[in-house]
Amino acid sequence: MQAYFDNSATTRCIPAVREAMDRIYDEDYGNPSSLHMMGVNAEKHVKNVREVLARILKVNEKEIVFTSGGTESNNMAIIGCAMANKRSGNHIITSSIEHAAVLEPMKFLEEQGFSVTYLPVDEKGRVDLAALKEAVREDTILVSVMCVNNEIGTIEPMEEIAGIVKQKNPKAYFHVDAIQGFGKLKLYPKRMGIDMLSVSGHKINGPKGVGFLYIDEKVKIKPIILGGGQQKGMRSGTDNVPGVVGLAKAAGIAYDNFEEKQNHLYELRRHMIDGLKNFDCVTINGIEETGADTGAAPHIISVSFAGVRSEVLLHALEDKEIYVSAGSACSSNKPSLSKTLLATGTPKDVIESTVRISFGTSNTLEEVEYCLSVLRDLIPVLQKYVRK
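Please read these numbers as outputs of a predicted model, since none were measured by experiment.

Procedures and definitions
- Residues numbered from 1 in each chain as written.
- Predicted model: local features only at pLDDT ≥ 70, side-chain atom pairs only at ≥ 80, totals over all residues.
- Heavy atoms only, no water.
- Phe/Tyr/Trp six-rings, centres within 6.5 Å; stacked < 30°, edge-to-face > 60°.
- Helix = DSSP H or I, 4+ residues; strand = E, 2+ residues; numbered from the N terminus.
- Buried < 20%, exposed > 50% of the residue type's maximum accessible area, 1.4 Å probe, protein only.
- Pairing = 2+ DSSP bridges.
- Axes fitted to C-alpha atoms, helices over the stretch in contact; angles between N-to-C directions.
- Contact = heavy atoms within 4.5 Å.

Trainee: Explain the packing of aromatic side chains to me, please; I cannot follow it from the model alone.
Mentor: Geometry of an aromatic ring pair is reported as the spacing of the ring centres plus the angle between the planes. Summed over the entire model, instances satisfying the criterion amount to 5 aromatic pairs. Pairing Phe-182 with Phe-212 gives two aromatic rings, centres 5.8 Å apart and planes at 85 degrees, and the pair type is edge-to-face. Residue Phe-182 is located in the loop between strand E6 (173–177) and helix H7 (189–192), and its partner Phe-212 is located in strand E8 (residues 211–215); the two are separated by 30 residues in the primary sequence. In this structure Phe-212 comes out as buried when scored by relative accessible area, which is 0%. For the ring pair Phe-182 and Tyr-255, a centre distance of 5.3 Å and an interplane angle of 65 degrees mean the geometry is edge-to-face. One end of the pair, Phe-182, is in the loop between E6 and H7; the other, Tyr-255, is in the loop between helix H8 (241–254) and helix H9 (258–276), and 73 residues separate them in sequence. In this structure, Phe-182 and Tyr-255 share a single accessibility class: buried. A network of ring pairs unites the aromatic residues Phe-182, Phe-212, Tyr-255 and Phe-258 as a single cluster.

Trainee: Hey, could you run me through the pairing of strand E7 (residues 196–200) in this one?
Mentor: In terms of burial, E7 is largely enclosed, as 5 of its 5 residues are buried. By the alternation rule, side chains of E7 split into Met-196, Ser-198 and Ser-200 and Leu-197 and Val-199, which are all buried. The pairing of E6 with E7 spans 3 bridges and is classified as parallel. Within E7, the position partnered with Val-176 by the bridge is Leu-197. Summarising the sheet, E7 and E8 pair through 5 bridges and their orientation is antiparallel. Bridge pairing in E8 places Val-199 opposite Phe-212.

Trainee: What is the right way to read the sheet that holds E7 from this model?
Mentor: Across a sheet, strands are paired by hydrogen bonds formed along the backbone, either parallel or antiparallel in direction. An order of E2-E8-E7-E6-E5-E3-E4 is seen for the 7 strands of this open sheet, with the pairing classed as mixed. Because the sheet does not close on itself, it has two edges, and the strands there are strand E2 (64–67) and strand E4 (115–119). Pairs of neighbouring strands in the sheet enclose a mean axial angle of 20 degrees, with direction left out of account. Across 5 bridges, strand E3 (residues 91–95) lies against E4 in parallel orientation. Each bridged residue has a counterpart across the sheet, and for His-91 the counterpart in E4 is Ser-115. Against the sheet, helix H6 (residues 158–168) contacts strand E5 (140–144) and E6, and its axis sits at roughly 160 degrees relative to E6.

All we've got here are geometric facts, nothing functional implied.
Dropping the structure here:
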């Protein structure tokens, strides 16, 4: 049996998505900027995608900007907003556990003279709201906090954050990196006080290399990719028609029978955690409790096995065709300790023994049981070889 439990890194592009994209590659492959019928047909597909995504988020079609994925969406939101509003202030707020696609743009802006406040989090990875309230000031132009932490699965209190920001400084914008949340949670930016929201296609069984950024029409923002002026000048470059069609198809499927899919993910998570708790010297990082009202995302588990280095366990599981990760896929090639786990006060030895298990809707309870049975055999053996 094979069990792919690295869905937070990427997901399988499902057949329905590939079929929708193949039609574009084979038939409606015109450039949507062209004036002939092939271009017009391509442009119709792009318009339809905007309608689909706008319906899901309950926003206006013109507020959707297509990008190459989550990293570009985050960069556009953060750098584009900062550059457009620097006359109003130079202060930005984010959390200490953001993805590199947020933290690196923040570092870049600091080099450009902006001041960035990094909010602390509690032991479960929840942003310190008292610290946020104290941090927002008159010259704050942007607050960026992720929806779901990509390593430990904690859901941040987005509406509460938005309320604090808007109460203290109504002119400040609120950006949410929803790359791990879209498709797993219901997100309504206008209702939740979110001004910008980033999404990536390959996290929801869509294609790689495509995503979008929701930008509320009132947001003052500058484009960071210049050229032919596509997408009303917000993001130049020929529209990736097959990609956005695949993205819309995946998004539509993700939110069809949504509660059923979400409950299935929570069931997998609960079953896995219940099994893991029977092991000796196991730590569940983040929120252990499972359910829509617990603040834990339905698809992510961060678990540490004392005395077993994460890389060793990862490859031992790989030999049994079970695939997990040692943390964020985007930072797994960097030999440094997890910033998220450090920020939550997790001891170094626990961090070095941590793996992430992340589910997709196609995973089954049988796969969970298979993983648990393999771990029951592996862990005692691996723990015998603890370095003294």
